[in-house]
Amino acid sequence: ALSYHQDWQAAWRSPDPKPDYDVVIVGGGGHGLATAYYLAKEHGITNVAVIEKGWLGGGNTGRNTTIVRSNYLWDESAHLYEHSLKLWEGLSQDLNFNTMFSQRGLMSLAHNLHDLREINRRVNAIRLNGIDSEFLTVEQCKAYCPILNTDPRSRYPVMGASLQRRGGTARHDAVAWGLARAADARGVDIIQNCEVTGFRIENGRVKGVETTRGYIGAKKVGCVVAGHASVVASMAGFRLPIESHPLQAMVSEPIKPILDTVVMSNAVHVYVSQSDKGELVLGAGIDAFNSYAQRGSPFILEHQLNALCELFPIFSRLKIMRTWGGIVDTCPDASPIISRTPVEGLYFNCGWGTGGFKATPGSGWVFADTVANDRPHKLAEPFALERFTSGYLIDEHGAAGVAH
Ligand code: FAD
Ligand code: PYC
């Protein structure tokens, strides 16, 4: 059918950049596109450009394992990620584009006493925030996911799990394309293959961006460039507490539907779901070194596959089709930065590290509000840069579910 698609309408325009905009968003991933969309929809600011150095969704948005959940420990994070999950629940209708959001449930396994205690504590904290979360015994784990290996003689036996039934997955490309189409329909200019190479700053205030397609003026600039956040911040003359690391993922050959939920294991360390195409989507921890190379070390992949076979011996004969890497922007407390900066009119939204896909609509919502009103949105306030000097960190390494 695709061979006859020549006459399909483009989903969004590709205009030449205008000389200036009210707001320029740097980075055409899900977060940048969501910011532009909500600027237009919620704040009536439509003289906006999204500037992307490659193609839309070619960064972490198109490289992640698409897990969506809101089961975070601390109140600040729980409120932010839950706001996002609620937006996910209506996003396809809102965008009139099927994001294939699937609330198939998400289990996080416990393999030792420490895990059990930590999971129990988190389940209780999450419930106190009014978010769905339950504890499963081993028997309940087996009933919920029958192909899971719960043999007590395993090296790291399953001892229980937390379950968020409203968690699940979404189709990453569809999220980028749906947001782009909806933003474009409200007048946002989407400009691909255009790299921001510098900022014009006068008297401490941003005036515009230098790009590979020339200078573009802007009253305000929002940077949402994930793994390149510290690179872009250095162009504006300040430093961010961000380290960029590769995070790898892979997919198996497609098979018939066999896994109808998402399973994460911190201790054995793999996370797995089955895509609508039938592939198993797999990932694990970051590569420890810093890099911008969008690829990582084979031994990490080997470790993921060992973990997969330990938890699901049924998958041991599957072939792997593709592996890839993205560059994740990690903060010391594994929480994001949504903030004004030392430069007036310049804002940064970054540091989502290994876990920002789930936050895509929520991040865009609060960042649009922050940029539009030049003050932090209530949910974004705790995530400002000031926390690295005040010491009010929001440590979510446990909830990240990804070793780093
Ligand atoms: P991106 O999609 O990376 O967008 C940033 C864009 O900025 C890029 O397109 C880039 O090209 C552009 N850019 C950079 N520099 C410039 C410049 N100078 N000029 C113009 N444009 C520029 N999160 C989850 O919640 N669940 C998961 O299951 C999950 N799994 C993951 C698995 C992997 C392998 C990886 C790599 C990440 C995973 N994440 C997950 C994290 C998640 O993907 C990211 O946090 C999220 O997608 C970040 O979105 P973004 O829009 O900020 O970044
Ligand atoms: O944040 O849920 C997450 C996640 C899963 C895999 C990578 N990140």
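As shown above, the structure is provided for reference.
These lines cover the structure that appears in this document, whether it is placed above or below. (Residues numbered from 1 in each chain as written. Chains lettered and ligands numbered in written order. Predicted model: local features only at pLDDT ≥ 70, side-chain atom pairs only at ≥ 80, totals over all residues. Heavy atoms only, no water.)

Among the secondary structure elements, Ser-335 is positioned in the loop between β16 (320–330) and β17 (337–340). A residue is classified by how much of its surface remains accessible, and Ser-335, at 1% relative accessible area, is buried. When sequence neighbours within four positions are dropped, the list of residues in contact with Ser-335 reads Gly-351, Phe-383, Arg-387, Ile-394 and Glu-396. (Helix = DSSP H or I, 4+ residues; strand = E, 2+ residues; numbered from the N terminus. Buried < 20%, exposed > 50% of the residue type's maximum accessible area, 1.4 Å probe, protein only. Contact = heavy atoms within 4.5 Å.)

Across the ten residues of strand β11 (residues 214–223), seven count as buried, placing the element largely inside the fold. Here strand β1 (residues 20–26) runs beside β11; their pairing, made up of six bridges, is parallel. For Asp-20, the partnering residue across the bridge sits in β11 and is Gly-217. When strand β10 (residues 205–211) meets β11, the two strands line up antiparallel, connected through four bridges. Residue pairing across strands places Thr-211 opposite Gly-214, the latter belonging to β11. Turn length for the β10-β11 hairpin, with the two strands adjacent in sequence and antiparallel, is two residues. Across three bridges, the pairing between β11 and strand β18 (residues 346–350) is parallel. Each bridged residue has a counterpart across the sheet, and for Gly-222 the counterpart in β18 is Tyr-347. (Pairing = 2+ DSSP bridges.)

Our next topic: the site of ligand 2. For ligand 2, the full set of nearby residues is Thr-65, Ile-67, Arg-69, Met-264, Tyr-271, Thr-354, Gly-355, Lys-358, Ala-400 and Val-402. At a separation of 2.7 Å, an oxygen atom of ligand 2 approaches a polar side-chain atom of Arg-69. Residue Thr-354 places a main-chain N or O atom 2.7 Å away from a nitrogen atom belonging to ligand 2. For the shell around ligand 2, the residue count by class is five nonpolar, three polar and two charged. (Near = heavy atom within 4 Å. Polar contact = N/O pair within 3.5 Å; in protein donor to acceptor, adjacent residues only side chain to side chain. Nonpolar A, V, L, I, M, F, W, Y, C, P; charged D, E, K, R; others polar.)

The next thing to look at is the packing of helix α1 (residues 30–43) against helix α5 (residues 172–185). At a minimum axis separation of 9 Å, α1 and α5 run at an interaxial angle of 25 degrees. With respect to α5, the element α1 is oriented roughly parallel. Crossing of α1 over α5 shows left-handed handedness. Contacts between α1 and α5 involve Gly-30, Leu-33, Ala-34 and Tyr-37 from the first element and Ala-176, Leu-179, Ala-180, Ala-182 and Ala-183 from the second. Each residue belonging to the contact of α1 with α5 can be placed in one class, and the counts come to eight nonpolar, one polar and no charged. (Axes fitted to C-alpha atoms, helices over the stretch in contact; angles between N-to-C directions. Parallel < 35°, antiparallel > 145°, perpendicular 65-115°, else oblique. Left-handed = near helix turned anticlockwise from the far one by under 90°.)

Estimated volume of the second largest pocket: approximately 420 Å³. Of the residues that constitute the lining of the second largest pocket, the class distribution is five nonpolar, nine polar and seven charged. (1 Å grid on protein atoms, 1.4 Å probe; cavity = no way out; pocket = protein on both sides within 12 Å on 5 of 7 lines; lining within 4 Å. Points joined across faces, edges and corners; volume = space filled by probe spheres on them.)

Before going further, it helps to examine helix α2 (residues 75–95). For α2, which comprises 21 residues, the first-to-last C-alpha distance of 29 Å matches the rise-based estimate of 30 Å (1.5 Å per residue) to within 8%. At Glu-89, α2 shows its largest kink, close to 45 degrees. (Expected span 1.5 Å × (residues − 1). Bend = angle between axes of the 7 residues up to and from the residue.)

Another point: the pattern of salt bridges. Pairs can form between side chains of opposite charge whenever their charged atoms are close. What the rule picks out here adds up to 23 salt bridges. In this structure, Arg-13 and Asp-184 form a salt bridge, with 2.9 Å as the shortest nitrogen-oxygen distance. Of this pair, Arg-13 sits in the segment before β1 while Asp-184 sits in helix α5, and the two are 171 residues apart along the sequence. Asp-184 sits in the buried class, given a relative accessible area of 12%. A salt bridge links Asp-333 to Arg-387, with the nearest nitrogen and oxygen atoms 2.7 Å apart. Placement of Asp-333 in the loop between β16 and β17 and of Arg-387 in helix α9 (residues 387–390) is noted, with a sequence separation of 54 residues between them. Overall, Asp-333 belongs to the buried group, its relative accessible area being 1%. By relative accessible area, Arg-387 is classed as buried at 3%. (Salt bridge = Lys/Arg side-chain N within 4 Å of Asp/Glu carboxyl O.)

Let us look at the pairing of strand β13 (residues 262–265). Side chains Val-262 and Met-264 project from β13 onto one buried face, and the interleaved Val-263 and Ser-265 project onto a second face that is buried too. Bridge analysis of strand β4 (residues 106–110) against β13 gives four bridges, and the strand direction is parallel. Opposite Leu-109, over in β13, you have Ser-265 as the bridge partner. Where β13 meets strand β14 (residues 270–274), three bridges bridge the pair, whose relative direction is antiparallel. Counterpart to Ser-265 in the pairing with β14 is Val-270. Two successive antiparallel strands, β13 and β14, enclose a turn made up of four residues, where His-269 displays a positive phi of approximately 75 degrees.

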